[in-house]
Amino acid sequence: MVVGDLATAVDVAVLGAGPGGYVAAIRAAQLGKEVVLIDPHPPGGTCLHQGCIPAKALLTAAGHAAALADMPAMGIAVGEPFIDLPRMQQWKNGLVTRLAGGVQQLLAHHRIEVITGRAWFTGPQELQVEGEHGINRFLFDRAVIAVGGSPAPLPGLPFDNQRVLTPAQALVLTHLPGHIAIFGADTVAAELATIFIKLGAAVTLALPADQPLLAQFAPSAVRLVQARLKKLGVTIKKDMPNLAALDAPIVVISAGITPNTGNLGLNAAGVQTDKVGFVRVTPQMQTTNPAIYAVGDVTGGPPLAGLAIKQGKVAALALANQPARFEPQAVPWVAWTDPQIAAVGFTPAQAQAAGYQGVSGRFPLGANGRALTLNAADGFALVVAEKESGVLLGVTIVGRQAEALIGEVALALEMGATLTDLAETIHPHPSVSESFMEAAEAALGIAVHIK
Amino acid sequence: MVEFKLPDVGEGIHEAEVLQWLVSPGQTVARDQPMVELQTDKAVVEIPSPVAGVVAEIRAKAGTMARVGDVLIVIRETGQSPPAVEEPPTAQPRPPALGISGPGQRVLAAPAVRKLALELGIDLAQVPGSGPAGRVLPNDVRHFANQKPAESSPTPEPRPPAAPLRAMPPGQEVVDEEPLRGLRRRIAQRMEQAWQIPHVTVFDEADAAHLVDMRRRLAPEAERQGVKLTYMPFFIKAAVQTLKEFPYFNASLDMAGQKILLRRYYHLGLAVAVPDGLMVPVIRHANRLNLLQLAAEVARLAELARQRKLSQPELSGSTFTITNFGSFGAAQGTPIINPPEVAILGCGRIEDKPVAVAGQVQVRPMLPLALSIDHRLLDGAAAAQFLTRLNQRLSDPARLLLELP
């Protein structure tokens, strides 16, 4: 690397090393490209370092703590749990470090040059990086923008990392607040409420005006989560007019994201954004500059790492002139709440709104043997299919391990499977996955284990 | 038994290519169920079954040429119409697709099949699925690919521009073989025929300042009337007026009969790029239409061409053709005559250029023009005059008003 005016020529420059960016980098390297991956932070992005992974670690730990309340009924006498939050954070950080090390190794294996620094475009095929060794210039043949987004602040209530926290800041607290208020209605807000109530804090979940909790899921599924949150002791306030009413010492705000495109030099690169700043892309993830692609949260789709990963692969193929197209048939959504909700495709109401003549089938986990033995009878499986053809349109599962179970039906939807396909497939017994089979049979009018 | 023969579809069509069968032997077909896709001169037509019955035999294989009167398929008639038949495997409007894939037709296919289709350049929505509920299976895609030119993708994606900086590693000279079929074959034949004509191309540039201005002023009014006003209607108007002045440019040459046919009507062909090639829909009696009507007709024909739904009269009988390669961004080109015509006009991209006006360099929007002629009938001097007159009309489009009938 040369410091100064000499520019380095590379095949592909990837800006942002989150799940979308580092996957694009690896796939491009697999296709024979020389790749640099640029991020001010270590590879892994928000998901690995500040978001999904830390949140899931804390959900596991907090879940264990809360499950102790059920132990006596199973004949296990336990004392009052003691929550050592610094120790818990250490454990979580250990996981993150291990995973981040894995990503580093993968990048090294594919001979991807990782540059720590902030990058911005200075022309259609040129960028600069300000890093630890000064400013470097790169001429790239293709670039991928994968810079993600940042938590959107509320007007008049900037994040101060004291009283007003981003979700990421809440996930690194080492002192459990007596009372924490969470403002938001998305999965992040619901998961934070679940973590902190189970760790023993008093929690207020404040839903913004006109935003029901977890609106993307079937209302019957959300009702179970809401009931459980209330039972755990969460105060849910609807239609919060203003945050002044929240008297908690700590307020966490999860009100969506804004794209990190502010200082990216997109004008110089000829990359157009929408009014908010999200980058416009084609189904090949190509921006208005044909040499530049964009993937992940910066493109303004649902902020799901799974989507960013898929888009990263599509962009890598497209920039290598290989046929590729981002056209998911089924996008799984998961709320890692208690119980978890996982859904793919349409809910029955969404299917109807989209113009389908639907038929649906529901199977309660209370009638599923494995769910009972897991001490997790709260939940159900719900399928909706096109009435005439039986082709699946969507599946929702609420319950323990919903996140793991949804994969089966996501594949079914991608494959264009029918109710009969789901009903005819042998499922292990006893298992919660049987509930898909039973729900499909219920839609066909032949369920065995419910009347 | 009903033997279904290739019907006479009119306008001098003697043969058609069997593109693909939508039914297979043993399958029950309903009356009027689409059976087969045929490609005539330049249109693709779907032939419905004349009876209800069971397919006994398919005589004309996909990819072959059938002549009028040839037996295409044999159907064993059933006494009464059979009970609910399988959904015809043609693309039908379906409710919107799932989740974020947005509204559109949902095509049932496994991810691996989608990938295969992408790699073969096939639009899955065009592929009849043979699986349960019409699911498209890998062999359906391969079968379809063997029947169509592989570059056919009815919704062309902006392909990422090629040319990485580095050289191609050695040992990668892969050759894929594809059959020459369908529209591509038709174009290849026509072009071979056209190349028999001794071509001469003359070039000129029109100062399009007034034209640009006129279109800009009229476009909002046209839009209020639901019509998108492009430059094409102006080109057509100017061409028709000039053809009236130079009748030999609106003629054909009959070498066999040793005759020159001067056509006293003005059917204007428009070269339209479609996903798998080129079509030339025809605006009949273009001289009788005003600019708005021309604009509406251009839009209608171009859309039908893209959907491959042009009827035979809309595809034949043109007396002069215009190709607007400027609309694809090309500055210049040498158009090839569409036989039996004897001349073709090509319009390039209007672009600001420095030009000398009264001894001063000025920046003017310039419109490149190219006129190819059949030198057997027309000469360079006439071509230059034709182009000069056309240029005057395009440089000062108000002249077109003077010539209104």
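> Kindly report on the overall build of chain A, identifying the contributing residues and their values.
What chain A contains, in helices and strands, is 14 helices and 18 strands. Per-residue burial over chain A gives 52% buried out of 451 residues. Within chain A, residue pairs in contact and separated by at least 24 positions form 65% of the contacts whose partners lie at least 6 positions apart. Accessible surface for chain A amounts to roughly 19,500 Å². Of this, 55% is attributable to carbon and sulfur atoms.

> So what about the overall build of chain B? Which residues, and what values?
Check the secondary structure of chain B and you find eight helices and 19 strands. The burial tally for chain B puts 46% of its 405 residues in the buried class. Sequence separation of 24 or more characterises 62% of the internal contacts of chain B that already satisfy a separation of 6 or more. Working note: accessible area of chain B is about 20,200 Å², and carbon and sulfur atoms make up 54% of it.

> Give me the side chain of B:Asn250: which residues, what numbers.
Residue and element names in this part refer to chain B. Mapped onto the elements, Asn250 comes out in the loop between helix H5 (232-245) and strand E10 (251-254). Looking at Asn250, the relative accessible area reads 1%, which means it is buried. With residues near it in sequence (within four places) discarded, Asn250 still touches Leu243, Leu261, Leu262, Arg263, Tyr265, Tyr266, Thr319 and Phe320.

> Which residues make up the state of the cysteines, and what values go with them?
Residues and elements named next belong to chain A. Counting across every chain of the model gives one disulfide over all chains. What pairs with Cys47 in a disulfide is Cys52, and their sulfur atoms sit 2.2 Å apart. Where Cys47 bonds to Cys52 through sulfur, the torsion about that S-S bond is close to -140°, and the disulfide is left-handed.

> Just give me the short version of the confidence of the model for chain B, but keep the residues and values in it.
Residue and element names in this part refer to chain B. When pLDDT is averaged along chain B, the result is 80, and 84% of the positions lie at 70 or above. Confidence drops under pLDDT 50 across residues 80-104; counting only partners more than four residues distant or on other chains, this segment forms 57 contacts. Across the assembled chains, the prediction reports ipTM 0.74 with pTM 0.60.

> Just give me the short version of the packing of helix H3 (residues 52-67) of chain A against helix H4 (residues 85-109) of chain A, but keep the residues and values in it.
All names here are of chain A. Two elements in contact, H3 and H4, have axes whose closest approach is 10 Å; the angle formed by their N-to-C orientations is 140°. As summarised for this structure, H3 and H4 are arranged oblique, according to the angle between their axes. Our pair here, H3 against H4, has a crossing hand that is right-handed. From H3, Ile53, Pro54, Ala57, Leu58 and Ala61 reach across to H4, where they touch Met88, Gln89, Trp91, Lys92, Leu95, Val96 and Leu99. Split by residue class, the contact of H3 with H4 holds 10 nonpolar, one polar and one charged.

> I'd love a proper account of the pattern of salt bridges, names of residues and values included.
By the definition in use, this model includes 22 salt bridges over all chains. The partner of A:Asp421 in a salt bridge is B:Arg135, with the nearest N and O atoms 2.6 Å apart. Residue A:Asp421 is located in helix H13 (residues 419-424), and its partner B:Arg135 is located in the loop between helix H1 (111-120) and helix H2 (138-147); the two belong to separate chains. Here B:Arg135 falls in the buried class, since its relative accessible area comes to 14%.

> Tell me about a nonpolar patch on the surface, and please be specific about residues and values.
Residue and element names in this part refer to chain A. A contiguous nonpolar patch, built from Met74, Ile76 and Val78 and spanning about 250 Å² of accessible area, is present on the exposed surface. Mapping Ile76 onto the fold places it in the loop between H3 and H4. Judged by relative accessible area, which is 40%, Ile76 ranks as partly exposed.

> Explain the environment of A:Ala67 to me, and be specific about the residues and the numbers.
Residues and elements named next belong to chain A. If you trace the backbone, Ala67 turns up in helix H3. When its relative accessible area of 27% is taken as the criterion, Ala67 is described as partly exposed. Once the C-alpha coordinates of Ala67 and Asn375 are considered, the two residues, 308 residues apart in sequence, prove to be 9.8 Å apart.

> Explain helix H6 (residues 187-199) of chain A residue by residue, including any values.
All names here are of chain A. Along its 13 residues, H6 runs 18 Å from first to last C-alpha, staying within 8% of the 18 Å computed at 1.5 Å per residue. Where burial is concerned, most of H6 is hidden: 12 out of the 13 residues are buried. What H6 keeps buried is the set Thr187, Ala189, Ala190, Glu191, Leu192, Ala193, Thr194, Ile195, Phe196, Ile197, Lys198 and Leu199.

> Quick rundown of the nonpolar core? Include the residues and the values.
Ranked by internal contacts, the top residues of the largest apolar core, which has 58 residues, are B:Ile236, B:Leu268, B:Phe320, B:Ile322 and B:Leu371. Ranked by residue count, the leading element in this core is H5(B), at eight residues. Residues within four places of B:Ile236 in sequence aside, it is in contact with B:Leu268, B:Leu270, B:Ile283, B:Ala286, B:Leu294, B:Val298 and B:Ile322. Counting 44 residues, the second-largest nonpolar core is a separate cluster that includes A:Ala55, A:Ala170, A:Ile180 and A:Leu207.

> Describe in detail unusual backbone geometry, supporting the description with residues and values.
All names here are of chain A. Across the junction of Asp338 and Pro339, the peptide omega takes the value -5°, indicating a cis bond. You can see Pro339 is positioned in the loop between strand E14 (333-335) and strand E15 (340-345). His429 connects to Pro430 through a cis peptide bond whose omega is -5°. Here Met285, not a glycine, exhibits a phi torsion of approximately 70°, which is positive.

> Which residues make up the pairing of strand E1 (residues 7-15) of chain A, and what are the values?
All names here are of chain A. The sheet contact formed by E1 and strand E5 (residues 134-145) spans eight bridges and is parallel. Pairing of Val12 across the sheet is with Arg142, part of E5. One ladder, built from four bridges, connects E1 with strand E2 (residues 35-39); its direction is parallel. Its bridge partner lying in E2, Ala13 is registered against Val36. In this fold, the crossover linking E1 to E2 by way of helix H1 (residues 19-30) has right-handed handedness.

> Go over the sheet that holds strand E17 (residues 380-386) of chain A, please, and point to the residues and values.
Residue and element names in this part refer to chain A. Reading across the sheet, the five strands line up as E14-E15-E18-E17-E16 and stay open at both edges, with antiparallel pairing between neighbours. A strand with exactly one partner marks an edge of an open sheet, and here the two such strands are E14 and strand E16 (358-364). Taking the axes of each pair of neighbouring strands and ignoring which way they run, one obtains an average angle of 10° across the sheet. As paired elements, E16 and E17 share seven bridges and run antiparallel to each other. Residue pairing in the sheet places Ser360 in a bridge with Val384 of E17. The strands that helix H14 (residues 434-444) touches are E16, E17 and strand E18 (392-399); relative to E16, the one it contacts most, it runs at about 135°.

> How would you explain the sheet that holds strand E7 (residues 164-165) of chain A if you had to name every residue and give the values?
Residue and element names in this part refer to chain A. Within the open sheet, the five strands sit side by side as E7-E11-E8-E9-E10. Their pairing is parallel. In this open sheet, the two edge strands, each paired with only one partner strand, are E7 and strand E10 (235-240). Two strands pair when backbone bridges link them, and strand E8 (residues 179-183) and strand E9 (residues 202-208) are joined in this way by five bridges, in the parallel orientation. Residue pairing for E9: Phe183 is matched across the bridge by Ala206.

> Account for the packing of aromatic side chains, with residues named and values stated.
Applying the stated rule across the entire model yields seven aromatic pairs over all chains. Grouped by ring-pair contacts, the aromatic residues B:Phe246, B:Phe249, B:Phe320 and B:Phe386 constitute a single cluster. The ring of A:Trp336 carries A:Lys56 above its face, with NZ or CZ at 4.1 Å from the centroid. Sitting over the ring of B:Tyr231, B:Arg215 keeps its end group 4.9 Å from the ring centre.

> Go over the side chain of B:Ser49, please, and point to the residues and values.
When you line up the elements, B:Ser49 lands in the loop between strand E5 (44-48) and strand E6 (53-58). Residues in contact with B:Ser49, not counting those within four places in the same chain, are B:Val29, B:Ala30, B:Arg31, B:Asp32, B:Gln33, B:Met35 and B:Ile75.

> Any chance you could break down the packing of H1(A) against helix H9 (residues 305-319) of chain A for me, citing the residues and the numbers?
Residue and element names in this part refer to chain A. Packing of H1 against H9 brings their axes to within 7 Å, and their N-to-C directions diverge by 30°. The pairing of H1 with H9 is recorded here as roughly parallel in orientation. Of the two possible hands of crossing, H1 and H9 adopt the one that is right-handed. Where H1 abuts H9, its residues Pro19, Gly20, Val23, Ala24, Arg27 and Ala28 lie against Ala305, Ala308, Ile309, Gly312, Lys313 and Ala316. For the contact of H1 with H9, the class distribution of residues is eight nonpolar, two polar and two charged.

About the thresholds
Residues numbered from 1 in each chain as written. Chains lettered and ligands numbered in written order. Predicted model: local features only at pLDDT ≥ 70, side-chain atom pairs only at ≥ 80, totals over all residues. Heavy atoms only, no water. Helix = DSSP H or I, 4+ residues; strand = E, 2+ residues; numbered from the N terminus. Buried < 20%, exposed > 50% of the residue type's maximum accessible area, 1.4 Å probe, protein only. Contact = heavy atoms within 4.5 Å. Areas by Shrake-Rupley, 256 points an atom, 1.4 Å probe, with all protein chains shown as cover. Disulfide = S-S within 2.5 Å. pLDDT = per-residue confidence, 0-100. Axes fitted to C-alpha atoms, helices over the stretch in contact; angles between N-to-C directions. Parallel < 35°, antiparallel > 145°, perpendicular 65-115°, else oblique. Left-handed = near helix turned anticlockwise from the far one by under 90°. Nonpolar A, V, L, I, M, F, W, Y, C, P; charged D, E, K, R; others polar. Salt bridge = Lys/Arg side-chain N within 4 Å of Asp/Glu carboxyl O. Patch = residues over 30% accessible without salt bridge, like charges linked within 9 Å, V, L, I, M, F, W, Y side chains within 5 Å. Expected span 1.5 Å × (residues − 1). Core = buried A, V, L, I, M, F, W, Y, C linked by side-chain atoms within 4.5 Å. Pairing = 2+ DSSP bridges. Right-handed = clockwise from strand over helix to strand, strands pointing away. Phe/Tyr/Trp six-rings, centres within 6.5 Å; stacked < 30°, edge-to-face > 60°. Lys NZ or Arg CZ within 6 Å of the ring centre and 35° of its normal.

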